[in-house]
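The chain contents come next:
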Amino acid sequence: MRSLLAVTLRSLATNLLVLASLSAPMRAEDEVRIQEEIWALPLPLPMFAYLVRPVGDGPFPMVIMNHGVSLNPTDRSFFPLVEFRDAAKWFAKRGYLVVAPVGSGYGAAAIDIPERALYGPFFSKVGKCTNPNFHDAGLAVAKVDLWIIDYMAAEKRIIPKDVIVVGQSAGGWASIALSSVNPPQVKAIITFAAGRGGRVGGKPNNNCAPDKLVEATADFGSTSRVPMLWIYIENDTFFGPDLSRRMHAAFTAAGGRAQYHLMPPFGNDGHFFIGSPDAIPLWSPLVAKFLDTQK
């Protein structure tokens, strides 16, 4: 069954590549030509991914980009296939093969009808705010990153020990969780507006059990030794400056290695900073400097 599924996904991936692969238009001053593709990844939980890479056979260093979550299955059903296209292309132009997976339980797989005993494979719930499980929700998505690394290494597409993980919001939280297991393939992690439990009930700056989030951050920091860059924005209505500073202080006090940068307000809500092409000139110097120190 597993073998048949893998073959089916590979066939689907081939068809998608024919339809969706394209060479991105490049300016004369660009040094690296890139191409964009849609892949079907035959992981233990199969999923689609946006992939952008330099033209050529590789192998390349890799960037995995983790997106955020919605607890609303209807919202998840409309989740875009490519959320951070401009940011991903920035990394690809620096020579990375970038994989941005669409998490299980998104798009057409966002089925959640409890009264009919139908549940989509969405494994990132944290439970009730009276006793949220931030810890395991982060590690669940981190496990997907490890599957992706193993698969791309087996395909000989990447340099196995030259992986950077980037995450936004809940995807950033999963990246922090990943750092706690110190995978040898991952040499650095970058997060944008990382956290869980923001905007409870859709209300700005209304967080689910912030003290427990800080506690879970410290727990991850107690074992994390991967170099990290944490970027937050002043007008983030999910994880504001006070909370993000508390998280960073707890993480580093426990032993984690993370640089913290608070950026000026951006747009109507800085939480979505990385998704805007206008933000690239603001964050790219920080990220480039950080990556250069990891070589």
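To be clear, the structure that these remarks concern was listed above.
On a predicted model such as this, the values are computed, not experimentally measured, just so you know.

A. Summary view of the overall build of the protein chain. Each helix and strand counted, the protein chain has eight helices and 11 strands in total. Sorting the 295 residues of the protein chain into buried and exposed places 51% on the buried side. Relative to all contacts within the protein chain whose residues are 6 or more apart in sequence, the contacts with residues 24 or more apart total 72%. Looking at the protein chain as shown, the accessible area adds up to about 13400 Å², and 57% of this sits on carbon and sulfur atoms.

B. Local environment of the pairing of strand β4 (residues 60-66). Across the seven residues of β4, seven count as buried, placing the element largely inside the fold. Bridging between β4 and strand β8 (residues 158-168) involves six bridges; their strand directions are parallel. The residue of β8 that forms the bridge with M62 is V163. The pairing of β4 with strand β5 (residues 97-101) spans three bridges and is parallel. Looking at β5, one finds that I64 is bridged to V99.

C. Spotlight on the nonpolar core. M62, V99, I148 and M152 are the most contacted members of the largest nonpolar core, which has 47 residues in total. Per-element accounting of this core gives the leading share, eight residues, to helix α4 (residues 134-154). The residues touching M62, leaving out its near neighbours within four places in the chain, are Y96, L97, V99, I148, I149, M152, I158, D162, V163 and I164. I38, V98, M263 and L291 belong to the second largest nonpolar core, which has 34 residues in total.

D. Representation of the state of the cysteines. Enumeration over the complete set of coordinates arrives at one disulfide. Each sulfur of the disulfide joining C129 and C208 lies 2.1 Å from the other. One disulfide, between C129 and C208, carries an S-S torsion of -130° and so falls in the left-handed class. Here C208 lies in the loop between β9 (186-192) and α6 (210-221) and C129 lies in the loop between β7 (118-119) and α4, a separation of 79 residues in the sequence. By relative accessible area, which is 4% here, C208 ends up buried.

E. Just the environment of A87, in detail. For A87, the location among the structural elements is in helix α3 (residues 85-93). The spatial distance from the C-alpha of A87 to the C-alpha of S276 is 8.1 Å, given a sequence separation of 189 residues. Not counting chain neighbours up to four residues away, the residues in contact with A87 comprise M65, I274, I280 and W283.

F. View of helix α7 (residues 241-253). Its 13 residues place the ends of α7 18 Å apart at the C-alpha level, agreeing with the 18 Å of an ideal helix rising 1.5 Å per residue. The secondary structure elements touched by the buried residues of α7 are α5 (170-179), α6, β10 (228-233) and β11 (258-263). Taken from the residues just after α7, G255 is the one with a positive phi, measuring 120°.

G. Region of interest: the pattern of salt bridges. Taken as a whole and judged by the stated rule, the model has seven salt bridges. Here D269 makes a salt bridge to R199, at a shortest N to O gap of 3.9 Å. Of this pair, D269 sits in the loop between β11 and α8 (280-292) while R199 is found in the loop between β9 and α6, placing the two residues 70 residues apart along the sequence. Residue classification places D269 among the buried residues on the basis of a relative accessible area of 15%.

H. A look at the pairing of β8. Most of β8 sits out of view: eight of its 11 residues are buried. Here β8 pairs with β9 via six bridges, running parallel. Note that in β9 the partner of V166 across the bridge is I190. Handedness of the β8-α5-β9 crossover: right-handed.

I. Quick peek at the environment of D136. Looking at the element boundaries, D136 is found in helix α4. As a C-alpha pair, D136 and A177 span 41 residues in sequence and 8.6 Å in three-dimensional space.

About the thresholds
Residues numbered from 1 in each chain as written. Predicted model: local features only at pLDDT ≥ 70, side-chain atom pairs only at ≥ 80, totals over all residues. Heavy atoms only, no water. Helix = DSSP H or I, 4+ residues; strand = E, 2+ residues; numbered from the N terminus. Buried < 20%, exposed > 50% of the residue type's maximum accessible area, 1.4 Å probe, protein only. Contact = heavy atoms within 4.5 Å. Areas by Shrake-Rupley, 256 points an atom, 1.4 Å probe, with all protein chains shown as cover. Pairing = 2+ DSSP bridges. Core = buried A, V, L, I, M, F, W, Y, C linked by side-chain atoms within 4.5 Å. Disulfide = S-S within 2.5 Å. Expected span 1.5 Å × (residues − 1). Salt bridge = Lys/Arg side-chain N within 4 Å of Asp/Glu carboxyl O. Right-handed = clockwise from strand over helix to strand, strands pointing away.

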